[in-house]
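What follows is the residue order along each chain.
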Amino acid sequence: MTKITRTLEYIWIVLIILTIFAYFLGYFKYISTPLVAVLLITTFIKGQLVIDYFMDLKKVRLKYRLIPILWLIIVLSLIATAYYLPLS
Amino acid sequence: MSKNISLKEAYPPGDLAIWVIIYVEFITFALLFLGYAFSRRLDVELFNASQSVVSQTSGFVNTIILITSSYFVVKAVHSIKNMTKETQQESNKEASKWLLFAIVCGLAFITIKITEFSNIFGMGINLSTNRYFMFYIMLTVFHFLHVVLGSGILFLIYKKTKINGYLPNDSKGIETGASYWHMVDLLWIVLFPLVYIIR
């Protein structure tokens, strides 16, 4: 098994574990306000792994890699803002 | 004197045109995601109550399916990219195997989603039921259409691998389709916790 194949398998396992984590938080109704941030951070990690290793943008010039990463950061930050801003 | 040589590739994998499409999709879905998140602030109780109607389990299973299918697509791309003249037939065969797994995953996603939609619509829920379901239907149906299109693209690539159509140094076509499929996966990775989990 080559190094890259092994890395991809690890990435897949991490993605699955983080998905199971998110599901259990929802299934057992553990979602509280602080955990929304945890869930969004794990979503960022998953997205980042897909961008770098599945889309293979880690090997590409930074500007092309930055576009989806910035998209992910902005979207998740604004979602966090919507959940954490006090309701009027 | 040492030269600072960049080993990074100049362009992302696949045709550059697919990346323009991907960026447009990012913007479209970002607006829908943020529309959902900020609309929820107007009636948190309604969103939480409505969210309990949708099946978290089917959302979870579909996430696992899409992530796994993306992994299979990466394996197919690697088979084609690492091809030599001597291994052309073997590499195409290997890629077709991984693509077939990915297509089966795509079809499983579609089947689960159709079941979920028929349950939701069977309850009489539609776009005008409330604001949560308006976003739920718009986001998930729009994404569903992307999965259908992506599965079709994967099938076309699969057909090409079946006739040993990919040659050494000819991975642009499969990379283009793969990039689209990974985008579909990435969008679902954000959609799943937002619409199904976070309360």
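None of these values were measured; they are calculated from a predicted model.

(A) Structural detail: the packing of helix α1 (residues 16-40) of chain B against helix α5 (residues 131-162) of chain B. Residues and elements named next belong to chain B. Packing of α1 against α5 brings their axes to within 10 Å, and their N-to-C directions diverge by 165°. As far as their axial angle goes, α5 and α1 are roughly antiparallel. Of the two possible hands of crossing, α1 and α5 adopt the one that is left-handed. The residues of α5 that touch α1, namely those facing Leu32, Gly35, Tyr36 and Ser39, are Arg131, Phe135, Met138 and Leu139. Looking at the contact of α1 with α5 residue by residue, the class counts come to five nonpolar, two polar and one charged.

(B) Region of the structure containing the nonpolar core. If you look at the biggest cluster of nonpolar residues, it comprises 78 residues, and the most contacted ones within it are Ala76, Leu99, Ala102 and Leu194 of chain B. Going through the elements one at a time, α1 (3-27), α2 (33-54) and α3 (62-84) of chain A together with α1, α3 (56-81), α4 (88-122), α5 and α6 (172-197) of chain B are the ones with two or more residues in this core. Counting residues per element, this core draws most heavily on α6 of chain B, at 17 residues.

(C) Examining unusual backbone geometry more closely. All names here are of chain B. Phi angles above zero are rare outside glycine, and Asn164 is one such case at about 55°. Note that Asn164 resides in the loop between α5 and α6. The phi dihedral of Asn169 is positive, around 60°, even though this residue is not glycine. Along the chain, Asn169 turns up in the loop between α5 and α6. Classification of Asn169 as exposed rests on a count of 11 C-beta atoms within 10 Å.

(D) Expanded view of the packing of α1 of chain B against α6 of chain B. Residue and element names in this part refer to chain B. Relative to each other, α1 and α6 sit at 10°, their axes nearing to 11 Å. One element, α1, and the other, α6, form an angle in the roughly parallel class. Across from Ile18, Ile22, Glu25, Phe29, Phe33, Tyr36 and Ala37 in α1, the residues of α6 making contact are Thr176, Ser179, Tyr180, Met183, Leu187, Val190, Leu194 and Val195. Class assignment for the residues of the contact of α1 with α6 results in twelve nonpolar, two polar and one charged.

(E) Looking closely at the interface of chain A and chain B. Chain A puts 35 residues into the contact, and the matching count from chain B is 36 residues. If you list the elements that add at least two residues to the side of chain A that touches chain B, you get α1, α2 and α3 of chain A. Among the residues forming the side of chain A that touches chain B, the class breakdown is 27 nonpolar, four polar and four charged.

(F) The arrangement of α2 of chain A in detail. Compared with an ideal rise of 1.5 Å per residue, which puts 22 residues at 32 Å, α2 of chain A spans 31 Å between its outermost C-alpha atoms and is within 8% of the ideal. Of all the positions in α2 of chain A, only Leu39, Leu40, Thr43, Lys46, Gly47, Leu49, Val50, Ile51, Tyr53 and Phe54 of chain A are classed as buried. Where the residues of α2 of chain A are buried, they touch α1 and α3 of chain A together with α3 and α6 of chain B. Downstream of α2 of chain A by one or two residues, Asp56 of chain A has phi in the positive range, about 65°.

What counts, and at which threshold
- Residues numbered from 1 in each chain as written.
- Chains lettered and ligands numbered in written order.
- Predicted model: local features only at pLDDT ≥ 70, side-chain atom pairs only at ≥ 80, totals over all residues.
- Axes fitted to C-alpha atoms, helices over the stretch in contact; angles between N-to-C directions.
- Helix = DSSP H or I, 4+ residues; strand = E, 2+ residues; numbered from the N terminus.
- Parallel < 35°, antiparallel > 145°, perpendicular 65-115°, else oblique.
- Left-handed = near helix turned anticlockwise from the far one by under 90°.
- Contact = placed C-beta atoms within 7 Å.
- Nonpolar A, V, L, I, M, F, W, Y, C, P; charged D, E, K, R; others polar.
- Core = buried A, V, L, I, M, F, W, Y, C linked by C-beta atoms within 7 Å.
- Buried ≥ 20, exposed ≤ 12 C-beta atoms within 10 Å, placed from the backbone.
- Expected span 1.5 Å × (residues − 1).

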